[in-house]
Amino acid sequence: VTPAHIVDYMLDAVETDLGHRLSFRDRVLEPSAGDGAFVKPLVERILQSMPRGDWSNGRLLRALLAFETNPAHAATLRRVVSGRLRAAGCPSRRAAELVAAWIREEDFLRARIDEPFDAVVGNPPYVRYDAILESDATEYERLYSTFRGRCDLYVPFVERSLSLLSPDGVFCFICSNRFAKSDYGKRLRMRIAAGFRVALFLNLEHADVFGKDIAAYPAILMIDRRRGEPTFAATVSSFADIPLSSYRFGRSVRLDEFPEWYRGDDPWTTTNSAAFRFARQ
């Protein structure tokens, strides 16, 4: 379960990078919906932005697309979203139509997706290579160039998500930070450096994000296509003394500014810009 303060931080960062609040006019992708930690606040933004009673607006069907492979989770999420729509005044038939369009019980890595997105946000599966079915691993290796070696499942999620970004789109995941330094992350780092800008890299591996018993080594990674613009980065050791909101993207002195981020498949060894400059020199 992604904590609400993490979700709020990520959605705020995406909106800051986009330059506007997310609304029914945007097209947003959530590749691994789970319990709806991102889907539910995204639905609220859709409802807050749309003209009152304009349930027939054609943009609504394209405003959100979420994937979930677990049938129970997908069914629960459909029920919750349908109930929220009906509570907001949406006719039952239209609510059912929207839920069917928004929530797909399907493997994101195999699904047919035709259009680009203004924002891709979420928390991809934390599945280590050894836990991936051999048949799935073979298929993902065929489909995704970054899925090599003993690669965790979130890596192809990042690759495909980036491929679905519109020219002005913004990607933001909370995922393992292991790709940033590992050998299996080389291809992903190379792909990011070749066509994108790392807008934000917030290392949370020392903070208690998902509970003390879960060793996920998380980081918040936000990427766009504005190559040449600076990267903002930091390592957060704890939320006890300094809340996550103190690291607001583009508005906090707690984020180090990197005029240039790491090149090619270079490992991302530090979030301290002075240490980065020293190592580069």
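Going by the structure above, here's the rest.
Residues numbered from 1 in each chain as written. Predicted model: local features only at pLDDT ≥ 70, side-chain atom pairs only at ≥ 80, totals over all residues. Heavy atoms only, no water.

## Details of the pattern of salt bridges
- Enumeration according to the criterion identifies 23 salt bridges in this entry.
- Ionic pairing is found between Arg 226 and Asp 17, a salt bridge with its closest N-O pair at 2.9 Å. Pair noted here: Arg 226 is in the loop between strand 7 (218-224) and strand 8 (231-235) and Asp 17 is in helix 1 (residues 4-18), with a separation of 209 residues, a long-range link.
- For Arg 178, the salt bridge is made with Glu 205, and the minimal N-O distance between the two is 3.9 Å. Here Arg 178 is found in the loop between strand 5 (165-176) and helix 7 (186-195), whereas its partner Glu 205 is found in the loop between strand 6 (197-203) and strand 7, with 27 residues between them in sequence.
- One network of salt bridges, with partners in common, ties together Asp 17, Arg 197, Asp 224, Arg 226 and Glu 229. (Salt bridge = Lys/Arg side-chain N within 4 Å of Asp/Glu carboxyl O. Helix = DSSP H or I, 4+ residues; strand = E, 2+ residues; numbered from the N terminus.)

## Considering the state of the cysteines
- On inspection of all chains with the given rule, the structure shows zero disulfides.
- Free of any disulfide, Cys 151 has its nearest neighbouring cysteine sulfur in Cys 175, separated by 11 Å.
- With a relative accessible area of 0%, Cys 151 lands in the buried category. (Disulfide = S-S within 2.5 Å. Buried < 20%, exposed > 50% of the residue type's maximum accessible area, 1.4 Å probe, protein only.)

## Things to note about the pairing of strand 2 (residues 64-67)
- A two-sided burial pattern is seen for strand 2, the buried positions comprising Leu 64 and Ala 66 on one face and Leu 65 and Phe 67 on the other.
- Inspection of the sheet shows strand 1 (residues 28-30) paired to strand 2 by three bridges, in the parallel sense. Of the residues in strand 2, the one forming a bridge with Val 28 is Leu 64.
- Pairing analysis gives two bridges linking strand 2 to strand 3 (residues 103-104), with the strands arranged parallel. In the strand pairing of strand 3, Phe 67 is matched with Arg 104. (Pairing = 2+ DSSP bridges.)

## Some points on the packing of helix 2 (residues 39-49) against helix 3 (residues 71-87)
- Contact pair helix 2 / helix 3: the axes reach a minimum separation of 11 Å and the direction vectors enclose 20°. One finds that helix 2 runs roughly parallel with respect to helix 3. Seen along the crossing, helix 2 lies across helix 3 with a hand that is right-handed. Of the residues in helix 3, those touching helix 2 at Val 39, Lys 40, Val 43, Glu 44 and Leu 47 are Leu 77, Val 80, Val 81, Arg 84 and Leu 85.
- Its residues assigned to classes, the contact of helix 2 with helix 3 comprises seven nonpolar, no polar and three charged. (Axes fitted to C-alpha atoms, helices over the stretch in contact; angles between N-to-C directions. Parallel < 35°, antiparallel > 145°, perpendicular 65-115°, else oblique. Left-handed = near helix turned anticlockwise from the far one by under 90°. Contact = heavy atoms within 4.5 Å. Nonpolar A, V, L, I, M, F, W, Y, C, P; charged D, E, K, R; others polar.)

## With respect to the sheet that holds strand 6
- Taken in spatial order, the nine strands of this open sheet run 3-2-1-4-5-7-6-8-9, and their pairing is mixed. Since the sheet does not close on itself, it has two edges, and those belong to strand 3 and strand 9 (256-258), each with one partner.
- Of the pairings in the sheet, the one linking strand 6 to strand 8 comprises four bridges and is parallel in character. The partner of Leu 200 across the bridge, within strand 8, is Phe 232.

## Focus: the side chain of Thr 270
- Mapped onto the elements of the fold, Thr 270 is located in the loop between strand 9 and helix 8 (273-280).
- A distance of 3.0 Å separates the side chain of Thr 270 from the backbone nitrogen of Asn 272, its partner in a polar contact. (Polar contact = N/O pair within 3.5 Å; in protein donor to acceptor, adjacent residues only side chain to side chain.)

## Examining the nonpolar core
- Core analysis: the biggest nonpolar cluster contains 56 residues, and Leu 85, Leu 202 and Ile 220 have the highest contact counts within it.
- It is helix 1 that contributes the most residues to this core, eight residues altogether.
- Listed in part, the 43 residues of the second largest apolar core include Phe 67, Tyr 140, Leu 164 and Leu 221. (Core = buried A, V, L, I, M, F, W, Y, C linked by side-chain atoms within 4.5 Å.)

## Describing helix 7
- Residues Leu 188, Arg 189 and Ile 192 constitute the buried set of helix 7. One face of helix 7 carries all of its buried residues, which in axial projection span an arc of 100°.
- In this structure, the buried side of helix 7 is in contact with helix 6 (154-163), strand 6 and strand 7. (Arc of directions from axis to C-beta.)

## Side note on the side chain of Glu 15
- Structurally, Glu 15 is set in helix 1.
- If sequence neighbours within four positions are ignored, Glu 15 has contacts with His 20, Arg 21, Leu 22 and Arg 45.

## A closer look at the packing of aromatic side chains
- What the rule picks out here adds up to 15 aromatic pairs.
- For the ring pair Phe 232 and Phe 249, a centre distance of 5.7 Å and an interplane angle of 90° mean the geometry is edge-to-face. Here Phe 249 lies in the loop between strand 8 and strand 9 and Phe 232 lies in strand 8, a separation of 17 residues in the sequence.
- For Phe 232, a relative accessible area of 16% corresponds to the buried category.
- Phe 249 gets classed as buried once you look at its relative accessible area, which sits at 8%.
- Put simply, the rings of Tyr 154, Phe 179, Phe 201, Phe 258, Trp 261, Tyr 262, Trp 268 and Phe 276 touch in pairs and so form one group of aromatic residues. (Phe/Tyr/Trp six-rings, centres within 6.5 Å; stacked < 30°, edge-to-face > 60°.)

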